[in-house]
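Reading the structure
Here are the chains, one letter per residue:
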Amino acid sequence: MITHIRMKNFKSWQESPEVRLAPLTGFFGTNSSGKSSLLQMLLLLKQTAERSDPNEVIFFGDENSPVNLGDFSEVIHGHQLSSALYLKIKCKLNHSFALLTTPPQITHFAFDTVIRENNGNPILERFRYRNLFSDTKIAWKDNKLFIDDQSSILIHIQNCYGQSSKESDISKILTLFSSAFEELFSHVYYLGPVRARPRRHYHWDGSHPEDIGRWGYKAIDALLSARVNKLTIQREEQVVPVEVQISEWLREMDLAHSFSLERTDTRGGKNYDVRIQKSEHGAKVTLADMGFGLSQFLPVLVLCYYAPEGSTLILEQPGIHLHPKVQSELADLLIEVITKRNLQILIESHSEHLLNRLQRRVAEEKIAADQTALYFCQHTDGVSKIDKLDMDELGNITNWPENFFGDEMGDLFAMTEAQRERQKRTEG
């Protein structure tokens, strides 16, 4: 679980405060206000960790990575190449992690790094780690590694989180921290704001994907993998297959009465249909013949139950193309997987219906207020700013920003005035 993030000179963020991330964290705000950039900072670190290249400072991405940020000049705030990029996280590992056979193990740590530009290339200036349990600290700068602020060790490093090609007793503590960093981000999964279009037929080659892909194009492969591996979910007092759990949610949200994966070739072929029954007595049709909203929401459901317990999910616009009623019930889905599957969910959204349902569930004690963290982002004079929404244990938000979800009261007032004017003209 990632508990805090902070950044300087990252895209529209000249400097952010240290932002607390809860089990359920929501970023709201106007378009281009910096919401997505807060999540992209984590994706940047994730794809760098996945590359695990000791000779690469940081991986800004390509067409196959979670996010493609171009290069240093595109990422640095205001395109000011003289500025330094600063990234910081605090975290605790929710899953078992043991690099060494003897303690101490790194389960709670803080990390920050500073990167500059030189002749068009990113250059590592420094990085630091701190074990939040034992307060063990290491810092690297100018090819010197400092352990607990004591004498330095000469070691050449290029990678921003300290991944080194050198294997020696000298760098064992560094290896411990960098491996914990990689372990953390191996359990971070991302689903983008636009998902793959539904197909009439799906071909499954028997693969078992680690996730469903940034656009959800592996969602059906994941479901078939879950079927073969007999992946189950605890629902109330029952243990049910993932497919059954998804059918239950689709029925509960009134999106479909039933959902099934059916072979198109009864002789054991590898082609499948996704069949949806809208009502109890309705005909089964393919996913491609259903409304677009269902196909866009299905990957969200799949990821919530396919990702390993203890994972962090980054979801951009999870309620896109959904009816307001379903957007509200999306909050219930997120609360369930947070509480029962120990997931951390970070969302970027414009949905007032999702937020209203979350407030209600806090009041009903379905989730504690401190299990959530809600923020409003805005962009003013070329700089992003963030304000924390203060929600009490009764679900009340005491510091609503102006026009948080648009000027609803202003529209109603203007409509009333227009109605009065028309009434006067009619009477005249």
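Rules used in this analysis
Residues numbered from 1 in each chain as written. Predicted model: local features only at pLDDT ≥ 70, side-chain atom pairs only at ≥ 80, totals over all residues. Heavy atoms only, no water. Phe/Tyr/Trp six-rings, centres within 6.5 Å; stacked < 30°, edge-to-face > 60°. Helix = DSSP H or I, 4+ residues; strand = E, 2+ residues; numbered from the N terminus. Buried < 20%, exposed > 50% of the residue type's maximum accessible area, 1.4 Å probe, protein only. Lys NZ or Arg CZ within 6 Å of the ring centre and 35° of its normal. Contact = heavy atoms within 4.5 Å. Axes fitted to C-alpha atoms, helices over the stretch in contact; angles between N-to-C directions. Parallel < 35°, antiparallel > 145°, perpendicular 65-115°, else oblique. Left-handed = near helix turned anticlockwise from the far one by under 90°. Nonpolar A, V, L, I, M, F, W, Y, C, P; charged D, E, K, R; others polar.

1. Notes on the packing of aromatic side chains
One pass over the structure, following the stated rule, counts nine aromatic pairs. Look at F127 and W140: their rings are 5.9 Å apart centre to centre, the planes differ by 5 degrees, and that puts the pair in the stacked class. Of this pair, F127 sits in strand 7 (residues 121-131) while W140 sits in strand 8 (residues 137-141), placing them 13 residues apart in sequence. Judged by relative accessible area, F127 falls into the buried class, the value being 0%. Its relative accessible area of 4% is what places W140 among the buried residues. An aromatic cluster of at least three residues, connected via ring pairs, comprises F109, F111, F127, Y129, W140, Y161, F177, F181 and F185. Of note, K8 hangs over the ring of Y86, and the distance from its end group to the ring centre comes to 5.2 Å.

2. Observations regarding the side chain of K90
Tracing the chain through its elements places K90 in strand 5 (residues 85-92). Leave out the neighbours within four places in its chain, and K90 touches M1, I2, T3, H4, E18, F109 and A110.

3. Quick look at the packing of helix 4 (residues 219-228) against helix 6 (residues 292-306)
How two helices pack is summed up by the angle between their axes together with the distance between the axes. Packing of helix 4 against helix 6 brings their axes to within 10 Å, and their N-to-C directions diverge by 40 degrees. It follows that helix 4 is oblique to helix 6 by the angle criterion. Between helix 4 and helix 6 lies a crossing of left-handed hand. Across from A219, I220, A222, L223, S225 and A226 in helix 4, the residues of helix 6 making contact are L298, P299, V302 and Y306. Partitioned by chemical class, the residues of the contact of helix 4 with helix 6 number nine nonpolar, one polar and no charged.

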